[in-house]
Amino acid sequence: MKVLLGCIADDFTGATDLAGMLVKAGMRTVQLIGVPDGPPPEGADAVVIALKSRTVPAAEAVSDALAALAWLQRSGCQQFYFKYCSTFDSTPEGNIGPVAEALMQALDTDFTIACPAFPANGRTIYKGYLFVGDELLNESGMRNHPLTPMTDPSLVRVLQQQVKGSVGLVEYHTVAKGAAAIAARFAELRSQGVSLAVTDALTNHDLVSIGAACADMPLITGGSGIALGLPENFRRRNLLARLDAADRLPETGGLRAVISGSCSVATQKQVAAMQKAAPSFAVDPLALARGDDVAGAALAWAAQHIEQGPLLVYATAAPEQVRAVQSQLGVAEAGELVERALAAIAVGLVKLGVGQLIVAGGETSGAVVKALGITGLRIGPEIDPGVPWTAALQDGGAATSSEQAQPLVLALKSGNFGSEDFFTKAWSRLP
Ligand SMILES: Nc1ncnc2c1ncn2[C@@H]1O[C@H](COP(=O)(O)OP(=O)(O)O)[C@@H](O)[C@H]1O
Ligand SMILES: O=C(O)[C@@H](O)C(=O)COP(=O)(O)O
């Protein structure tokens, strides 16, 4: 059977978030790291290709997305999904708008939606304004994001700045009326020449209605929430069986570690909570810039502590510290330097026998997963909304922690997801 839904995610935690959502909604889903060479995996209803394209130059993000689309088209997918962050993480140039328009052009379609809502994590959209919990996007911690500070809560305005086409709005009073009313509004906007429709949503029920209204759209763009309503469209057409939700992971073991390169508000609290409960090592970006062997020092330290229980290696810092580092090193340079160091530490930790690894941060997860040579992820049980445990796959089989030869399991945690005790409670959700 062919893959039904082909997804392109602009970062690795986002891809895991979407894959977990599809699994929960009953689609057998495989997450692949980067654009694969080979054929599609057997028995997958949906494939999520994880790119690391959120903050690269827009032209590179577009070409990566088009390469992913071409592979998904060759795999026979019937519908396509561009997944970006529920906080619409982007720069004035993109990459959400340019990638969405390039995918539309390649799919020869003139209309799609833009809906990052994810109510389970407090992301709601009203009159086109994005809220994070009780705050407007620009008043939330996202205003201080190291790479994509979000300073305008109006998604219509933000997206309009990134695209050539016209951006419209499906307001809540229409969404509340259900799928038929939403579809009629889509048709109306389209006839007015609108090509991207920001769509209000406050609840999961809204997302299911929006999903139903998108049944015939070749391309959908949004956060992971909108995926809630899509599997039912395929079931209505008898293309998808009713399956028990949730994948199972193999029995796991190995030592435990957390690596955090996220400076988001939720991660800061999680790092502070774990520091009270476990040994921790701070990675100093300025020491990295001086050329100190910080990774070597972190691994020598880890070797002393790792047998006693989970440990934490982090670069997570408060906004003023991050700004001070960025003003000395540059924004992108600081980010890359830290990501490279954390990735090298992750590789070293796995060599030390770590078999259960939590990585906090989307860009950070991208760097770590690439350095570990992981080519795919099998989705397992959810820890908190948007963050499942996963089992790593490498070409030719399951990735293992080298000492124990056990499957390597990973939780790739989006910066702003998870409860304060995430780093200490996550282990109990493993089989
Ligand atoms: N102390 C620091 N100073 C400067 N940049 C940092 C620091 N700690 C982490 N970073 C960088 O900030 C970025 C955080 O992005 P990411 O990993 O995607 O986290 P999130 O999921 O919270 O957005 C990464 O590029 C990371 O290397
Ligand atoms: O949609 C979301 O919020 C997440 O899936 C996501 O993409 C978060 O990205 P990071 O905060 O950079 O991990």
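These figures come from a predicted structure and were not determined experimentally.

Counting residues in hydrophobic clusters, the biggest one holds 142 residues, and the most contacted among them are Phe 186, Leu 357 and Trp 389. Residue assignment places this core across two domains, with domain 1 (5–236) and domain 2 (255–429) each supplying three or more.

Contacts to ligand 2 come from 14 residues, most closely from Thr 13, Asp 17, Arg 54, Lys 83 and Ser 86. Take Thr 13: an N or O atom from its side chain is 2.8 Å from an oxygen atom of ligand 2. Here Lys 83 contributes a side-chain N or O atom positioned 3.0 Å from an oxygen atom of ligand 2. Protein burial of ligand 2: of its 350 Å² of free accessible surface, 94% is covered by the chains. It is helix H1 (residues 12–24) that contributes the most residues to the shell around ligand 2, three residues altogether. Taken together, the residues of the shell around ligand 2 break down into three nonpolar, seven polar and four charged. Inspection of the shell around ligand 2 shows a minimum of three residues originating in each of domain 1 (5–236) and domain 2 (255–429).

Counted by the stated rule, this structure contains eight aromatic pairs. Here the aromatic rings of Trp 389 and Trp 427 are separated by 5.8 Å at their centres, their planes lie at 40 degrees, and the arrangement is tilted. Here Trp 389, found in strand E17 (residues 387–394), pairs with Trp 427, found in the segment after helix H15 (422–425); they are 38 residues apart in sequence, far enough to count as distant. For the pair Trp 389 and Trp 427, a shared accessibility class is recorded, and that class is buried. On the numbers, 6.1 Å between centres and 80 degrees between planes, the contact of Phe 422 with Phe 423 is edge-to-face. The burial state of Phe 422 is the same as that of Phe 423; both residues are buried. Cluster of aromatic residues (ring-pair linked, three or more members): Phe 82, Tyr 84 and Phe 88.

Here we come to the domain arrangement of the protein. Looking at the assigned domains, one finds that the protein contains domain 1 (5–236) and domain 2 (255–429). The C-alpha centroid of domain 2 is placed 27 Å from the C-alpha centroid of domain 1. Taken residue by residue, the interface counts 29 residues in domain 1 and 32 residues in domain 2. Carbon and sulfur atoms supply 63% of the area that domain 1 and domain 2 bury against each other, a total of about 2,300 Å² over both sides. Counting across the interface, domain 1 meets domain 2 through three salt bridges. Residues Glu 382 and Lys 24 are paired through a salt bridge, measuring 2.9 Å at the closest nitrogen-oxygen approach. On the surface where domain 1 and domain 2 come into contact, there are eight residue pairs in polar contact (both at pLDDT 80 or more). With nine residues, H1 is the single largest residue contributor to the side of domain 1 that touches domain 2.

Before going further, it helps to examine helix H14 (residues 362–371). Of all the 10 residues making up H14, eight are buried; the element is thus mostly covered by neighbouring parts of the structure. Every buried residue belonging to H14 is among Gly 362, Glu 363, Thr 364, Ser 365, Gly 366, Ala 367, Val 368 and Val 369, and all of these are buried. Check the buried side of H14 and you find it contacts H1, strand E2 (29–33), helix H13 (331–351), strand E15 (354–360) and strand E21 (409–413). Within two residues after H14, Gly 373 carries a phi angle of roughly 70 degrees, on the positive side.

This next bit is on the layout of surface pockets. When its volume is computed, the largest pocket comes out at roughly 740 Å³. What lines the largest pocket is a set of 48 residues, among which Pro 146, Gly 261, Ser 262, Cys 263 and Ser 264 lie closest to the centre. Mapped by element, the contributors of at least two residues to the lining of the largest pocket are H1, helix H12 (319–329), H13 and H14. With five residues, the single largest contributor to the lining of the largest pocket is H13. Considering only residue class, the lining of the largest pocket consists of 18 nonpolar, 21 polar and nine charged. Of the residues that make up the lining of the largest pocket, three or more belong to each of domain 1 (5–236) and domain 2 (255–429). By volume, the second largest pocket is sized at about 380 Å³. Along its surface, the second largest pocket is lined by 17 residues, and Lys 52, Thr 55, Ala 332, Glu 336 and Glu 339 are the ones closest to its centre. In terms of residue class, the lining of the second largest pocket is built from six nonpolar, five polar and six charged.

Okay, empty space enclosed by the protein next. Tallied over the full model, the rule gives two cavities of 30 Å³ or more. Put simply, the largest cavity is a space of about 60 Å³. Considering the residues around the largest cavity, the lining is formed by 13 residues, among which Asp 10, Ser 53, Phe 82, Asn 95 and Val 99 are closest to the centre. Elements with a contribution of two residues or more to the lining of the largest cavity: strand E1 (5–9), helix H2 (58–74) and helix H3 (96–106). For the lining of the largest cavity, the class distribution of residues is eight nonpolar, two polar and three charged. Each pocket or cavity is described by its volume, and for the second largest cavity that value is around 50 Å³.

Criteria and thresholds
Residues numbered from 1 in each chain as written. Chains lettered and ligands numbered in written order. Predicted model: local features only at pLDDT ≥ 70, side-chain atom pairs only at ≥ 80, totals over all residues. Heavy atoms only, no water. Core = buried A, V, L, I, M, F, W, Y, C linked by side-chain atoms within 4.5 Å. Buried < 20%, exposed > 50% of the residue type's maximum accessible area, 1.4 Å probe, protein only. Domains from an automatic or database assignment. Near = heavy atom within 4 Å. Polar contact = N/O pair within 3.5 Å; in protein donor to acceptor, adjacent residues only side chain to side chain. Areas by Shrake-Rupley, 256 points an atom, 1.4 Å probe, with all protein chains shown as cover. Helix = DSSP H or I, 4+ residues; strand = E, 2+ residues; numbered from the N terminus. Nonpolar A, V, L, I, M, F, W, Y, C, P; charged D, E, K, R; others polar. Phe/Tyr/Trp six-rings, centres within 6.5 Å; stacked < 30°, edge-to-face > 60°. Contact = heavy atoms within 4.5 Å. Buried area = accessible area lost by both parts, 1.4 Å probe. Salt bridge = Lys/Arg side-chain N within 4 Å of Asp/Glu carboxyl O. 1 Å grid on protein atoms, 1.4 Å probe; cavity = no way out; pocket = protein on both sides within 12 Å on 5 of 7 lines; lining within 4 Å. Points joined across faces, edges and corners; volume = space filled by probe spheres on them.

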